[in-house]
Amino acid sequence: MNLATANASPPATQFVTLTINGQQRHLEVAPWTTLLDLLREYLDLTGTKKGCDHGQCGACTVLLDSKRVNSCLVLAVAKDGSQVTTIEGLAAPGSELHPMQQAFVDCDAFQCGYCTPGQICSAVGMIREGHAETADDIRELMSGNLCRCGAYPNIVAAIEKAMDATRARLSV
Amino acid sequence: MINFAYTRATGIADAIKEKVEANGGGQFLAGGTNLVDLLKENVARPARLIDINRLPLAAVEPMSGGGLRLGALVTNADTAYHPEVQRRYPMLSRAILAGASAQLRNMATNGGNLLQRTRCYYFYDVATPCNKRQPGSGCPAIRGQNRVCGVLGTSAQCIATHPSDMCVALAALEAVVRVSGPQGERSIPIAEFHTLPSNTPHIENTLSPDELITSIDLPESPYAAHSVYTKVRDRASYAFALVSVAAGLELDGDTIKSTRLALGGVAHKPWRLPAAEALLTGKPATKESFLPVAEALFAGAQGYEHNAFKIELGKRAVVRALTLAAKGTAAIHDVNGQTADA
């Protein structure tokens, strides 16, 4: 890779259409814009957090076409036509919280709260995947979401509490 | 992150054509879990990303002759939870689930897993020399922080490891990598896919520059009933292997008919030694039989300041993996790839 090529003038932006929290958005983005930066900087959806920005902490977890992913490692331009659900889209504005959100409140499953949107989106994605039954399963399958405050015991309790209600919501 | 162009390939031939046209400045984009990170670190500096995610390579299909074909774009998660993979190749399912996090496994693809780069700290840190990143610049790992580095097949230029769990199981299963390129299609046995560092640590596999991985083919396996993936790491989940072992036994009663063993975390490629496996043929499945195999696998191993422990740890992990495999796959696994204590 020679530097002359690397330093060539920036390639043109591209258009993508994404359905974000049920709303179709037509966006013009540079190829190197991550889904995380698109959400936070272009759309003011700042519920999704930037933690490590390297796919190691899980704070940026969103549901992309119903699957949980690290949005910091997704290039937005590659996801034309996809559906994205962020923490803002789990429950309609003004309506009741999503059962997983309510369980996090009820179980005091956070301290500083920075990892919480990622934890909640990840937990909803995990329940949709259908491989978690026990607390051990939850601990293993949520290991991609770090909580530096160490609220893990209450996070596991919240997820166990919300599991049935979340499942019921997925099936409708 | 440098600025780069982005194009979306419409077919396999189109993807290869675009790669050729990029003249060494192009990289294929699949799941992006490693590549996008390397872009952010300025380790990867492509002029153009060629997005292959819309290519028709996302199926798991039975092969005529009895094997199973894993499309290059099937995600690691979909592969690990595929009923046929779980039933016929439980070692592979467990290896995948022992790696990364659920989010990363939802994104990462099978082809990309083969091509992931080492996690050696110096490779990632562009402020330091690294023969793999910048040939001829030196290897600080040899005298530096080398806990994550290898002890087998290392060279004076590079002691990095291949970080994959999946590939360790693929090595034990003798998978075949199918590729497509400007010269047509070819198949590469997994043992010949990854390379040792020698004097060219920047070369990590035998893919030609413009070839695209299209599938990973698994031959029929007699090891499903007695296979295990044992991974030893610094924390219980979401960490790269210090040492890992994929082990499969084919048993006739208590007598071993054949064995497959591959090691992860110890070399620039999944480490396999068929001559060591052959030591077990006709032997009873006991610790006494397993110990010489562990010794043979680590013959010639060279430890460095912070990783010499891997030699003894690795030998013990081999014995443990074989002991667990002898008990039977069903006895030792839960659905999430954890190994119950023996």
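Residues numbered from 1 in each chain as written. Chains lettered and ligands numbered in written order. Predicted model: local features only at pLDDT ≥ 70, side-chain atom pairs only at ≥ 80, totals over all residues. Heavy atoms only, no water.

Undergrad: Looking at this structure, how should I read empty space enclosed by the protein?
TA: A probe matching the size of a water molecule, rolled over the atoms, marks out where space remains unfilled. Residues and elements named next belong to chain B. Using the criterion set out here, one finds four cavities of 30 Å³ or more in the structure. Its volume calculated, the largest cavity comes out at about 70 Å³. Along its surface, the largest cavity is lined by 15 residues, and C120, C130, C139, C158 and A160 are the ones closest to its centre. Of the residues contributing to the lining of the largest cavity, the split by class is ten nonpolar, four polar and one charged. Put simply, the second largest cavity is a space of about 50 Å³. In terms of lining residues, the second largest cavity is bounded by Q116, R117, T118, K132, T161, H162, E204 and H268. Of the residues in the lining of the second largest cavity, the class split is no nonpolar, five polar and three charged. (1 Å grid on protein atoms, 1.4 Å probe; cavity = no way out; pocket = protein on both sides within 12 Å on 5 of 7 lines; lining within 4 Å. Points joined across faces, edges and corners; volume = space filled by probe spheres on them. Nonpolar A, V, L, I, M, F, W, Y, C, P; charged D, E, K, R; others polar.)

Undergrad: Teacher, can you tell me more about the interface of chain A and chain B here?
TA: Interface size is often expressed as the accessible area that is lost when the parts come together. Each partner contributes to the interface: chain A provides 39 residues, whereas chain B provides 38 residues. Summed over both sides, the interface of chain A with chain B buries roughly 3,300 Å², with 53% coming from carbon and sulfur. It is A:W32, A:L73 and A:E140 in chain A that bury the most area against chain B; as a group they hold 19% of the surface buried on that side. At the boundary of chain A and chain B, one finds two salt bridges. B:D78 serves as the salt-bridge partner of A:K67, at 3.3 Å between the closest nitrogen and oxygen. (Contact = heavy atoms within 4.5 Å. Buried area = accessible area lost by both parts, 1.4 Å probe. Salt bridge = Lys/Arg side-chain N within 4 Å of Asp/Glu carboxyl O.)

Undergrad: Help me understand the nonpolar core, please; the structure alone is not making it clear to me.
TA: Taken as a class, soluble globular proteins show a tendency for nonpolar side chains to be buried jointly. One finds A:M100, A:I159, B:L92, B:L114 and B:L170 to be the most contacted residues of the largest nonpolar core, which totals 65 residues. A total of seven residues in this core trace back to one element, the largest contributor, which is helix α9 (residues 166-172) of chain B. Not counting residues up to four positions away in its chain, the partners in contact with B:L114 are B:H162, B:C167, B:L170, B:V177, B:I190, B:F193, B:H194, B:I213 and B:I216. (Core = buried A, V, L, I, M, F, W, Y, C linked by side-chain atoms within 4.5 Å. Buried < 20%, exposed > 50% of the residue type's maximum accessible area, 1.4 Å probe, protein only. Helix = DSSP H or I, 4+ residues; strand = E, 2+ residues; numbered from the N terminus.)

Undergrad: Can you help me understand helix α4 (residues 116-129) of chain A in this one?
TA: For an α-helix the count is 3.6 residues per turn, leaving residues at separations of three or four pointing the same way. Residues and elements named next belong to chain A. Look at α4: 20 Å from first C-alpha to last across 14 residues, which is about the 20 Å you get at 1.5 Å a residue. Across the 14 residues that make up α4, a large majority, twelve, are buried. At the exit of α4 stands G130, carrying a positive phi of roughly 80°. (Expected span 1.5 Å × (residues − 1).)

Undergrad: Explanation requested: the packing of helix α3 (residues 99-106) of chain A against α4(A) in the structure shown.
TA: Packed helices, taken two at a time, are described by the angle their axes make and the gap between the axes. All names here are of chain A. Relative orientation of the contacting elements α3 and α4 amounts to 130°, with a least axis distance of 10 Å. Taken together, α3 and α4 sit at an angle that is classed as oblique. Between α3 and α4 lies a crossing of right-handed hand. Of α4, the residues touching α3 (which contributes M100, Q101 and F104) are T116, Q119, I120, A123, V124 and I127. (Axes fitted to C-alpha atoms, helices over the stretch in contact; angles between N-to-C directions. Parallel < 35°, antiparallel > 145°, perpendicular 65-115°, else oblique. Left-handed = near helix turned anticlockwise from the far one by under 90°.)

Undergrad: Could you clarify how one ought to interpret the sheet that holds strand β3 (residues 48-51) of chain B in this entry?
TA: Within a sheet, each strand pairs with its neighbour through backbone hydrogen bonds, oriented either parallel or antiparallel. All names here are of chain B. One open sheet holds the three strands; their spatial order is β1-β3-β2, and the pairing between them is parallel. Among the strands making up the open sheet, the edge pair consists of β1 (5-8) and β2 (26-29). In this sheet, neighbouring strand axes are inclined to one another by 25° on average, regardless of whether the strands run parallel or antiparallel. Sheet analysis places β1 next to β3, joined by four bridges and oriented parallel. Across the sheet, the residue bridging to T7 is I50, located in β3. Sitting on the sheet, helix α1 (residues 12-21) is in contact with β1, β2 and β3, with an inclination near 175° to β3. (Pairing = 2+ DSSP bridges.)

Undergrad: Where do I start with the confidence of the model for chain A in this structure?
TA: The predicted coordinates should not be examined in detail at positions where pLDDT is low. Per-residue pLDDT for chain A averages 94, and the proportion of residues at 70 or more is 92%. Low pLDDT, under 50, characterises residues 1-7 of chain A; the predicted model gives this stretch ten contacts beyond four residues in sequence or across chains. (pLDDT = per-residue confidence, 0-100.)

Undergrad: Sorry if this is basic, but what is going on with the domain arrangement of chain A here?
TA: Residues and elements named next belong to chain A. Domain parsing of chain A yields domain 1 (3-88) and domain 2 (99-170). Facing 15 residues of domain 1, the contacting portion of domain 2 comprises 17 residues. Between domain 1 and domain 2 lies a buried interface of about 1,300 Å² when both sides are counted; carbon and sulfur atoms form 55% of it. At the surface where domain 1 touches domain 2, the tally comes to one salt bridge. A salt bridge links E129 to R68; its shortest N-O distance comes to 2.9 Å. Across the contact surface, domain 1 and domain 2 share seven residue pairs in polar contact (both at pLDDT 80 or more). (Domains from an automatic or database assignment. Polar contact = N/O pair within 3.5 Å; in protein donor to acceptor, adjacent residues only side chain to side chain.)

Undergrad: Mind showing me how you'd approach helix α6 (residues 152-170) of chain A here?
TA: Residues and elements named next belong to chain A. Of all the bends in α6, the largest measures some 50° and sits at M163. All of the buried residues in α6 are I155, V156, A158, I159, A162, M163 and T166. Where α6 is buried, its residues touch α3, α4 and α5 (135-141). (Bend = angle between axes of the 7 residues up to and from the residue.)

Undergrad: Teacher, can you tell me more about the pairing of strand β11 (residues 255-264) of chain B here?
TA: Within a regular strand, the side chains alternate between the two sheet faces. Residue and element names in this part refer to chain B. With respect to burial, β11 is a largely interior element, eight of its ten residues being buried. Pairing geometry for strand β10 (residues 243-252) and β11, over nine bridges, is antiparallel. Bridging across to β11, D252 finds its partner in T255. Between β10 and β11, which follow one another and run antiparallel, lie two residues, and G253 among them has a positive phi close to 65°.

Undergrad: Whenever I open this one, the packing of aromatic side chains confuses me. Can you help?
TA: Aromatic ring pairs: the centre-centre distance and the angle between the two ring planes describe each pair. Under the counting rule described, the total for this entry stands at two aromatic pairs over all chains. Judged by centre distance (5.9 Å) and plane angle (75°), the ring pair of A:W32 and B:F4 falls under edge-to-face. Of the two residues, A:W32 sits in the loop between β2 (23-29) and α2 (35-42) while B:F4 sits in the segment before β1, which places them in two different chains. Relative to B:Y124, the ring of B:F123 lies with its centre 6.0 Å away and its plane at 75°, an arrangement referred to as edge-to-face. The residues B:F123 and B:Y124 share a single accessibility class, namely buried. One cation-aromatic arrangement involves B:K19 over B:F28; the distance from NZ or CZ to the ring centre is 5.1 Å. (Phe/Tyr/Trp six-rings, centres within 6.5 Å; stacked < 30°, edge-to-face > 60°. Lys NZ or Arg CZ within 6 Å of the ring centre and 35° of its normal.)

Undergrad: Any chance you could explain the environment of B:G111 here in plain terms?
TA: All names here are of chain B. Assignment of secondary structure puts G111 in helix α7 (residues 110-115). For G111, a relative accessible area of 8% corresponds to the buried category. In this structure, the C-alpha to C-alpha distance between G111 and Y223, residues 112 residues apart in sequence, is 24 Å.

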